[in-house]
Each structure stands twice: as structure tokens, then as C-alpha cells.
Amino acid sequence: MTPAPISRRRAIILGGLGAASLAAGGTGWIAAGPGVGTSRLEPADTGAELRQPPVLDSRDGRLQVELTAAAGARLGGVDTQALGFNDTSPGPTLRVRPGDELEVRLTNRLDKPTNLHTHGLRVSPQANSDNPFLRIDPGTSFDYLYRIPPDHPAGTFWYHPHHHGMVADQVFGGLAGALMVDPPLGNGPDLPVVEDRVLLVTDTTLDADGHLLEASAMDRAMGRQGELVLVNGQHQPTIPAAPGATQRWRIINGCVSRVLPIRLDGHDLIQVAHDGTFLPAPATKDRVLLAPGNRADVIVRPTGTGRYPLIADAVDRGGMEGMMGGNTAASGPVTLATLVTDGPSVTAPPLPATLPAEKTGGGPTTARRQITFQMGMSGSGMGGMAFTIDGRTFDPARDDQTVQLGTTEEWTINNPSPLAHPFHLHVWPFTVLATSDGARPVGVPQDVVLVPARGWARLRIPFTEHDGRSVYHCHILDHEDAGMMATINVRG
């Protein structure tokens, strides 16, 4: 799906519960709510050189880490009461390899329960692995053990909290980090890059004292979009480069709701991977669209000398025609970072013509299912709105879909609502066959797809590895928290 660009006039629409206005400095569109009119945090590091989160790398087949979730992270160059892992937002980058064991002791220093989701990893959803039903209470710790399969694809993934009802607040607060699966030595593609950078995009809204502002009912119904858009916790950082010297940017959309149609001024983006899976060949694009949770690995080859903004274009995720005052979920444009090139030109080797794309896998289709995301007015709930899948709100004790391990299914995700919804399935990646807007599928397994407003997406899902219970949901995290999530039980 490629959402339509919006005009300034369309974005400034007053509604009964909120309003939209352009934030100063091009940081995005502000959804009004509690605290409107109060002073906001002014970033102190605008334009500083992009920093990489600290890297924790596996050794001898194992990575043991301790992650502490707590308030007090530094954002935008300012000490705040935002949330972080190990006092930073984003948290440390975890690097593992196929066949490794990842051991994480998660300590909860928050005032609400939490847990940990390794987004995109194809690991067991049971016991102390990627289990979304776990609850880690304040003041307690929990030991996770993730066994990375020996045939796990190398790529870009991420981690964030996933305790139902708390997810949007905790991710909006700053709890997120990159998770890389590196190829076995000598088995990766030969990408001639001089820099390999993580760009984890988040957004939040803080008052002048660095406290998180509470989201209004309208913010939650539309999916909140923060005023402060950050890359690796920095505001509009600069990325140095020499002309011609290629860089690999691993861009992660870690926002609660914001869709990112990303472009680099004066340059093409050469995409080599999507959602942790290599494409069949490098794909030259003028813009890469990332729904919340999506990742894209792109190659940037700087041309000339100068300053080139990395921009998330304006996007309209849809509206609430006839509901809640007719508000729209508009955002952008936003400057994420700036590529700064200087020095003598470098001649870089060409990119490989082909990449080790993963085969889609699975056998003949054994079943077809219709899944429907629904939202509408109700007498109770989030601002008088109900958020359901197939007419039901989330119940962790109920099996909504039961699947036999070893089968391959075709799911059609229907979205009759006026808002686009990103569909995310844990553990089992899918291949997009088609969407109602006619957008060309990427053609490789992925784990998030943006389902157009009043449209559909048709997916092929091989349930060929890992049994157990997990979830699928809308990755507008406010909607997930409000009940737009369901369970799946894959039985061996």
C-alpha cells in the first residue's frame, strides 16, 4: 500500500475530541490531547552526528545479556523521564548468529508489568522463549532463552515490550532496541559498504521537564504519533560520508503508529532486504514504505558533496468519516536525519547482481481463512470506540485459530474500516500475494503488511516450524492494546 500524500489544509482538521497542527521545526503533525498548550521538550542535540547504540555480540554460540527496563533515558540530548533499556533509548543492539542461544535476563524497574518480544525472530513461542503471554511484574526479573534455528535468515530484527494493555505506552516511552542475526562467516552476500548503520526510528511526546504526556482518547483511537521524531534517540542527526562510499542503513520503524514513506533527497535508495529477509536482487527505489514494525536494509551511495535530508514524506493513514468528528490520521513530512558528504570522491565496487533471497517454502495450500480487522463506535471502550478481530476483543485464554504444524495456509486479511491497519503475525513469516491497492509485493517472507483502508491483503503462511500458541494483531499498538489482537495455536 502506498498511502496518498496529504495537503497542509487537509491535515488541519478540527474534531470533537482533538485537532491536528503542524509542529514547529518540521517534526511532524501533533494530535491534540492532555497537556496541549503546555511547553514541550526542546531537543539539545539537533544535527549532532548519528551515534550507534552499544553492541552486545555473541561469542562461541551464546549471547548472555541483562536488560533493565526503567525510566530515566536520555532523549534528544536531554535527560528525561522517558523509558529505556539499560538507561538508553534505544537499548543495546543484540547481535547473534544462526544456531546461537540468546539468554536475556529482563528486570522490570517500571511501575507497570512488561515482557519482551523479539519481533521477527523465528523462534519458539513457548515457555521462556518469544512468549507474548508472559507477565513480568514491577520489581521482578525473568530469564528468557531464545534458540536461534541453524537455518534462520540473516537480517535486521528488533525487540520491544508486548504485555497486553501496556505495549503502546511502553514503546512510545522509548523501550525498543535492534536485534541483528549475522550470517555465518563466509556465507553472507558481498555488500561493498564502508559503514553498516542502525537507524531505529521512534517518536514520542515529552513536556519541558522530560515527562511523557498522557495520550488522549483520540490519540489512542487514531493511533498516537509523537511530536518528537528521533533516530537512535537523537533529533535529526547527521550521517557523515565520503562521495561514492556506500553505506548500509538498517532502518527500523519502531513507532507506535506512524507510517514512514522514506526517501533521501537527491539519491535513490537501493533496497537489499525487507523485514530481515534479503531480496532476490538489489531494488532501486525513490521511496521505501515502512509500516510500524517493518524494517528495510538499504544501500546508500552518496553523490557529490553537500547535505541531503532523509525524509519521511507526508502520509494519510485514513480517517474517521462520520465518527469522532471526522478526524484523520495524518503525519509528515518529517526530516529524520541528514546525509552530509565531504572530501574526495571514492569509487566503490558494484553491488552483487543477485542476493541470497529466502525461498518462500511450504507445500500446497491446505486451508484458507478470512480474518477481519474491525473498528467502530461502541458504548464503552477507548473513547467510545471498539477494536476487534472477527468481532471479538483479545482474550489470551481463547484459541482463535488452530493450525496443524507442517501445513501451509492462505489468509485474507479484510479491513472494512476507514483506517489502514498493519497486520503482524508472530513467529511464522508470510509472503504477501496481493493487496487491494495493487501495490507490488516485495516477494519475500515478511512479518508486517499494511492492509489498506476498506481493503484487504492476501497472504501465504507456511506453518512448517515451531508449534505453540502466539498472537497476530494490528501493529498500531494502541489498537492492539484496545483489543485488536487474537491468538493462534499451532499444534504439532
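So, here's what we can say about the structure. In every chain, residue numbers begin from 1 and rise along the written sequence. Since the coordinates come from a predicted model, pLDDT governs what is reported: local features require at least 70, and pairs of side-chain atoms require 80 or more to be given and counted, while whole-chain, interface and lining totals use all residues. With hydrogens and water excluded, all non-hydrogen atoms of the structure serve as input to the side-chain values.

## A few points about the pairing of strand β20 (residues 295–300)
It is a general feature of regular strands that their side chains alternate between the two faces of the sheet.
Turning to step 1, where the next piece is worked out: The buried fraction of β20 amounts to six of the six residues, a majority that puts the element mostly inside the structure.
Turning to step 2, where the next piece is worked out: Burial along β20 is two-sided: the residues Arg295, Asp297 and Ile299 and Ala296, Val298 and Val300 are all buried.
Turning to step 3, where the next piece is worked out: The criterion for strand pairing is that DSSP finds at least two bridges linking the strands in question. Put simply, DSSP H or I for four residues or longer makes a helix, DSSP E for two residues or longer makes a strand, and each gets a number counted from the N terminus. Relative to β20, strand β15 (residues 247–253) runs antiparallel, the two being bridged by six bridges. Directly across from arginine 250, in β20, lies its bridge partner aspartate 297.
Turning to step 4, where the next piece is worked out: One ladder, built from four bridges, connects strand β17 (residues 269–274) with β20; its direction is antiparallel. Paired with alanine 273 across the bridge in β20 is aspartate 297. Residue exposure (1.4 Å probe, protein chains only): buried if accessible area is under 20% of the type maximum, exposed if over 50%, otherwise partly exposed.

## Looking at the sheet that holds strand β24 (residues 334–341)
Turning to step 1, where the next piece is worked out: With respect to topology, five strands assemble into an open sheet ordered β14-β24-β21-β16-β19, the strand pairing being mixed. Of all strands in the sheet, those with a lone pairing partner are β14 (238–241) and β19 (288–290), marking the two edges. Strand-to-strand, the axes of this sheet are offset by a mean angle of 25°, without reference to chain direction. Between the N-to-C directions of two axes lies an angle of 0 to 180 degrees, each axis being a line fitted to C-alpha atoms and, for a helix, fitted only over the stretch in contact.

## A short note on the side chain of serine 417
Turning to step 1, where the next piece is worked out: Looking at the secondary structure, you find serine 417 in the loop between β28 (407–415) and β29 (421–425).
Turning to step 2, where the next piece is worked out: Side chain to side chain, serine 417 and asparagine 415 meet in a polar contact 2.7 Å long.
Turning to step 3, where the next piece is worked out: Pairing of N or O atoms within 3.5 Å defines a polar contact, subject to two protein rules: one partner must be a possible hydrogen donor and the other a possible acceptor, and residues neighboring in sequence count only if both atoms are side-chain atoms. Within the structure, the side chain of serine 417 is placed 2.9 Å from the side chain of histidine 421, a separation counted as a polar contact.
Turning to step 4, where the next piece is worked out: Contacts of serine 417, omitting those with residues within four sequence positions, involve Met375, Ala453 and Arg454. Whether two residues are in contact is decided by their heavy atoms, any of which lying within 4.5 Å being enough.

## Some words on the packing of aromatic side chains
Turning to step 1, where the next piece is worked out: Two rings from Phe, Tyr or Trp (for Trp, the six-membered ring) form a pair when their centres are within 6.5 Å of each other. A pair whose planes differ by under 30 degrees is stacked, one over 60 is edge-to-face, and the rest are tilted. All chains considered together, the criterion is met by 10 aromatic pairs.
Turning to step 2, where the next piece is worked out: Aromatic pair phenylalanine 142 and tyrosine 144: ring centres 4.9 Å apart, planes at 75°, arrangement edge-to-face.
Turning to step 3, where the next piece is worked out: Since its relative accessible area comes to 2%, tyrosine 144 is described here as buried.
Turning to step 4, where the next piece is worked out: A ring pair is formed by phenylalanine 423 and phenylalanine 430, whose centres lie 5.8 Å apart and whose planes are at 50°; its orientation type is tilted. Both residues of the pair, phenylalanine 423 and phenylalanine 430, belong to the buried class.
Turning to step 5, where the next piece is worked out: An aromatic cluster of at least three residues, connected via ring pairs, comprises Phe373, Trp411, Phe423, Trp428, Phe430, Phe463 and Tyr472.

## Focus on the nonpolar core
Turning to step 1, where the next piece is worked out: Judged by nonpolar contacts, the single largest core of 32 residues is most densely connected at Trp411, Phe423, Leu425, Leu459, Phe463, Tyr472 and Ile488.
Turning to step 2, where the next piece is worked out: Sorting elements by how many residues they give to this core places strand β32 (residues 455–463) first, with four residues.
Turning to step 3, where the next piece is worked out: Setting aside its immediate chain neighbours within four residues, tryptophan 411 contacts Arg369, Ile371, Gln401, Phe423, Ala457, Arg458, Leu459, Ile461, Phe463, Tyr472 and Ile488.
Turning to step 4, where the next piece is worked out: Buried Ala, Val, Leu, Ile, Met, Phe, Trp, Tyr and Cys residues that are joined via side-chain atoms within 4.5 Å together make up what is termed a nonpolar core. In terms of nonpolar packing, the next biggest core, distinct from the first, is built from 26 residues, Ala241, Val300, Tyr308 and Leu310 among them.

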